[in-house]
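Below are the chains, spelled out letter by letter.
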Amino acid sequence: MEYAFTTVGDRDGILLSGRCTYEDGNRFHDMMREWDFGASPVVPIDLRFVTFIDSAAIGMLFILANRCSEAGGHIVASGALPHIVRALRRVALDRYIEFR
């Protein structure tokens, strides 16, 4: 998994790309430490370049969703490939993520 802080839509957000797997745990937590949830509790994520997501990475998105919720926000995901959206909906992440 690679990530970059960039503009997503009309807001500051995060671009994720590649395969999101267990091995990306440290990088994912680094990304969360860099995000200011107090200033930006709504986290726009561009998923158009994510090609694969495993159960560990889905768990990381639950952690991100909890951090957003604690700050009064949520995740706004855009551009996800259909198989990625299906995987996230299958585990009920659509309760915490607004898909666009």
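What counts, and where the lines are drawn
Residues numbered from 1 in each chain as written. Predicted model: local features only at pLDDT ≥ 70, side-chain atom pairs only at ≥ 80, totals over all residues. Heavy atoms only, no water. Helix = DSSP H or I, 4+ residues; strand = E, 2+ residues; numbered from the N terminus. Rg over C-alpha atoms; globule rule 2.2 N^0.38 Å. Buried < 20%, exposed > 50% of the residue type's maximum accessible area, 1.4 Å probe, protein only. Contact = heavy atoms within 4.5 Å. Areas by Shrake-Rupley, 256 points an atom, 1.4 Å probe, with all protein chains shown as cover. Arc of directions from axis to C-beta. UniProt positions renumbered as here; feature names shortened; annotations may be inferred. Pairing = 2+ DSSP bridges. Axes fitted to C-alpha atoms, helices over the stretch in contact; angles between N-to-C directions.

Colleague: Sorry if this is basic, but what is going on with the overall build of the protein chain here?
Modeller: Scanning the protein chain from N- to C-terminus turns up three helices and five strands. For the protein chain, the succession of helices and strands along the chain, N to C, is β-β-α-β-α-β-α-β. Taking 13 Å as the expected radius of gyration for a compact globule of 100 residues, we find that the protein chain reaches 12 Å, a close match to that expectation. Out of the 100 residues belonging to the protein chain, those deemed buried represent 42%. Taking as baseline every contact in the protein chain between residues at least 6 positions apart, the subset at least 24 positions apart corresponds to 67%. Per element, the accessible surface of the protein chain, about 5600 Å² overall, is 48% carbon and sulfur.

Colleague: Before we go on, may I ask you to explain helix H3 (residues 82-90) in this structure?
Modeller: Because each turn of an α-helix spans 3.6 residues, side chains separated by three or four positions in sequence point in the same direction. All buried positions along H3 are accounted for by Ile84, Val85, Ala87 and Leu88. End-on, the buried residues of H3 take up no more than an arc of 160°, which puts them together on one face. Seen from the buried face of H3, the exposed residues on the opposite side, beyond 90 degrees, are Pro82 and Arg90. Buried residues in H3 make contact with strand E3 (43-53), helix H2 (55-70) and strand E5 (97-99). One or two residues past the end of H3 sits Ala92, with phi positive at roughly 70°.

Colleague: Would you explain helix H1 (residues 25-34) in this entry?
Modeller: Along H1, the residues that are buried comprise Gly25, Phe28, Met31 and Met32. Relative to the axis of H1, the buried residues are bounded by an arc of 120° and lie together on one face. Among the exposed residues of H1, those oriented more than 90 degrees off its buried face are Asn26, Arg33 and Glu34. Where the residues of H1 are buried, they touch strand E1 (2-8), strand E2 (11-20) and H2.

Colleague: How do you make sense of the UniProt feature "domain: STAS" (unreviewed entry) in the protein chain when you look at a structure like this?
Modeller: UniProt tags residues 45-100 as "domain: STAS" (unreviewed entry). Across residues 45-100 one finds 45% helix and 29% strand; the C-alpha atoms that close the span lie 10 Å apart.

Colleague: Please clarify how the environment of Phe37 should be interpreted in this entry.
Modeller: Tracing the sequence through the fold places Phe37 in the loop between H1 and E3. Sequence spacing of Phe37 and Met60 is 23 residues, and the spatial spacing of their C-alpha atoms is 16 Å. Not counting residues up to four positions away in its chain, the partners in contact with Phe37 are Met32, Val43, Leu64, Arg67, Cys68 and Ala71.

Colleague: Looking at this structure, I do not really get the sheet that holds E1. What am I missing?
Modeller: Strands in a sheet are paired, the pairing made by backbone hydrogen bonds, and the direction either parallel or antiparallel. Strand order in this open sheet of five strands is E1-E2-E3-E4-E5, and the pairing throughout is mixed. Two strands bound the open sheet, and with one partner strand each, they are E1 and E5. Averaged over neighbouring strand pairs, the angle between their axes works out to 30° when direction is ignored. Bridge count for E1 against E2 is seven bridges, and the pairing is antiparallel. For Ala4, the partnering residue across the bridge sits in E2 and is Leu15. The sheet strands contacting H3 are E3 and E5, and the helix crosses E3 at an angle near 110°.

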